[in-house]
Amino acid sequence: MLLTGLLAGVLAVALAGCGGGTGANASGGGVPANRPAPAPQNALPPGGCALIDDPGVAQRALDTARPGDQVCLGGPGLVSANLRITRSGAPGQPIRVLSDGAEVQDLSVHADQVEVAGFTLRDGGGLSLRGAGLRAHHNNVLNARQSGITCNCTDGAVESNVVDGTDGTGIWVSGQRITVRGNAVSGSVRRKAADADGVRFFGSELRITQNSVHDISAAGYAENEAPHPDCFQTFTSDGPPSYDVLISDNRCERVDEQCLIATGRHGNPGVPADTRAITFAGNRCDVGGAQAVGLDGYPHVDVRDNTITGPNLYRGVYLSGGSTDGAVLDNVMLVDRPAYEADPASRPVQARGNRSSR
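Reading the values: rules and limits
Residues numbered from 1 in each chain as written. Predicted model: local features only at pLDDT ≥ 70, side-chain atom pairs only at ≥ 80, totals over all residues. Heavy atoms only, no water. Core = buried A, V, L, I, M, F, W, Y, C linked by side-chain atoms within 4.5 Å. Buried < 20%, exposed > 50% of the residue type's maximum accessible area, 1.4 Å probe, protein only. Contact = heavy atoms within 4.5 Å. Phe/Tyr/Trp six-rings, centres within 6.5 Å; stacked < 30°, edge-to-face > 60°. Helix = DSSP H or I, 4+ residues; strand = E, 2+ residues; numbered from the N terminus. Pairing = 2+ DSSP bridges. Salt bridge = Lys/Arg side-chain N within 4 Å of Asp/Glu carboxyl O. Disulfide = S-S within 2.5 Å.

(A) Up close: the nonpolar core. In terms of nonpolar packing, the biggest core is built from 75 residues, with Phe201, Phe232 and Ile278 touching the most fellow members. Each residue touching Ile278, except ones within four places of it in the same chain, is listed here: Phe201, Thr234, Val245, Ile247, Leu260, Ala262, Tyr298, His300, Val301 and Asp302. Formed by five residues, the second largest nonpolar core is a distinct cluster that contains Ala43, Leu44, Cys72 and Leu98.

Rendered as structure tokens:
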């Protein structure tokens, strides 16, 4: 099937990118010199589709699309286009906006029930999604001037995209019932942004699975300007409380700080009773920080079945600042370090089955 082949291509890019690298800022931002730009991803339907290659005509087609319509865009004429989608589809009848890998600068969706696939967004504001029932898949977002893909969504999906060289965060999601799956995020840098990270998440019923986040460096910056690169991050000061979040089966490699960092305030208010805030399970973490998972004032987190390594680790998981009701279970440490440490305000910690492979 077409989408199966495309997903295989994305995963091939992700795995190829994990084969050794230098600091993400070594080439002045964007795609590092030792990692080639990903190939365009063709998301056109198997039967073909008439392509629109004029920005004005493309925008008019988007402005008049109706539920169930399919708008196909492609060709060199779109290279500097800034396109917006404000027309909504309907449940079971999304508006599908598809491309053959054509390059545009910006693409934003402020509507419901829209699918966006197959675009290359380069050197612009990235891909912005706001609404319900939105899906973005098989896009390349390169050298974005802000977060590469943002999804302020309900019932959304961000799948099988390649995001590289973002100024700030590769993928940023906030809302309810959002899936982030099969993406390859790399090379985030700090130019004007406050930090450089892989994925930031806020909200509830989030599923972040099977992604590759790699090669995000704090090297090559002026003094006091280096970012704090992490693969996955949330905090209570910049979005809704995050709970019922599953982060599983991801690879986080050659990222200079932590695999997961979650920072709460006053016990992370807003999390329903008897609900796990975050389940972090089955991930591979090869990072440069003092711990792979850092929880500060963030209770109700399970960390289990992960493989953890890194040259600077003091411990696998660090729980501090009242990160109560934590569990550290069945993790494998590939370095001779304790699986976890906790400050007095975060004890006791449920811990068992953790082991070292050394």
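(B) Focus on the packing of aromatic side chains. Under the counting rule described, the total for this entry stands at two aromatic pairs. For the ring pair Trp172 and Phe202, a centre distance of 5.3 Å and an interplane angle of 35° mean the geometry is tilted. One end of the pair, Trp172, is in strand S11 (residues 169-181); the other, Phe202, is in strand S13 (residues 197-209), and 30 residues separate them in sequence. A relative accessible area of 19% means that Trp172 is categorised as buried. Owing to a relative accessible area of 0%, Phe202 belongs among the buried residues under this scheme. Ring centres of Phe202 and Phe235 lie 5.2 Å apart, and the angle between their planes is 80°; this geometry places the pair in the edge-to-face category. Placement of Phe202 in strand S13 and of Phe235 in strand S15 (residues 232-235) is noted, with a sequence separation of 33 residues between them. An aromatic cluster of at least three residues, connected via ring pairs, comprises Trp172, Phe202 and Phe235.

(C) Examining the pairing of S15 more closely. The alternating pattern of S15 places Phe232 and Thr234 on one face and Gln233 and Phe235 on the opposite face, and all of these are buried. Where S13 meets S15, two bridges bridge the pair, whose relative direction is parallel. Note on S15: the bridge partner recorded for Val199 is Phe232.

(D) Structural context of unusual backbone geometry. Residue Arg347 is joined to Pro348 through a cis peptide bond whose omega torsion reads 0°. Residue His300 is not a glycine yet carries a positive backbone phi of 65°. Assignment of secondary structure puts His300 in the loop between strand S21 (291-296) and strand S22 (301-304).

(E) Local environment of the pattern of salt bridges. Scanning the model with the defined rule gives 17 salt bridges in all. Here Arg251 makes a salt bridge to Glu253, at a shortest N to O gap of 2.9 Å. When its relative accessible area of 35% is taken as the criterion, Arg251 is described as partly exposed. Taking relative accessible area as the criterion, Glu253 reaches 8% and is therefore assigned buried. The salt bridge involving Asp302 is made with Arg276; its shortest N-O contact spans 2.6 Å. Note that Asp302 is positioned in strand S22 and Arg276 in the loop between strand S18 (260-263) and strand S19 (278-281), a separation of 26 residues in sequence. By relative accessible area, which is 16% here, Asp302 ends up buried.

(F) View of the state of the cysteines. Overall, the coordinates contain four disulfides when judged by the stated rule. Here Cys231 engages in a disulfide with Cys252; their sulfurs sit 2.0 Å apart. Taking the sign of the torsion about the S-S bond as the criterion, the disulfide between Cys231 and Cys252, at about 90°, is right-handed. Here the residue Cys231 occupies a position in the loop between strand S14 (212-216) and S15, and Cys252 occupies one in strand S17 (residues 251-255), the gap between them amounting to 21 residues. In terms of burial, Cys231 and Cys252 fall into one category: buried. Disulfide partner of Cys259: Cys285, at an S-S distance of 2.2 Å. The chirality of the disulfide connecting Cys259 with Cys285 is left-handed, given an S-S dihedral of about -70°. In this pair, Cys259 is assigned in the loop between S17 and S18 and Cys285 in strand S20 (residues 284-287), connecting sequence segments 26 residues apart. Taking relative accessible area as the criterion, Cys259 reaches 0% and is therefore assigned buried.

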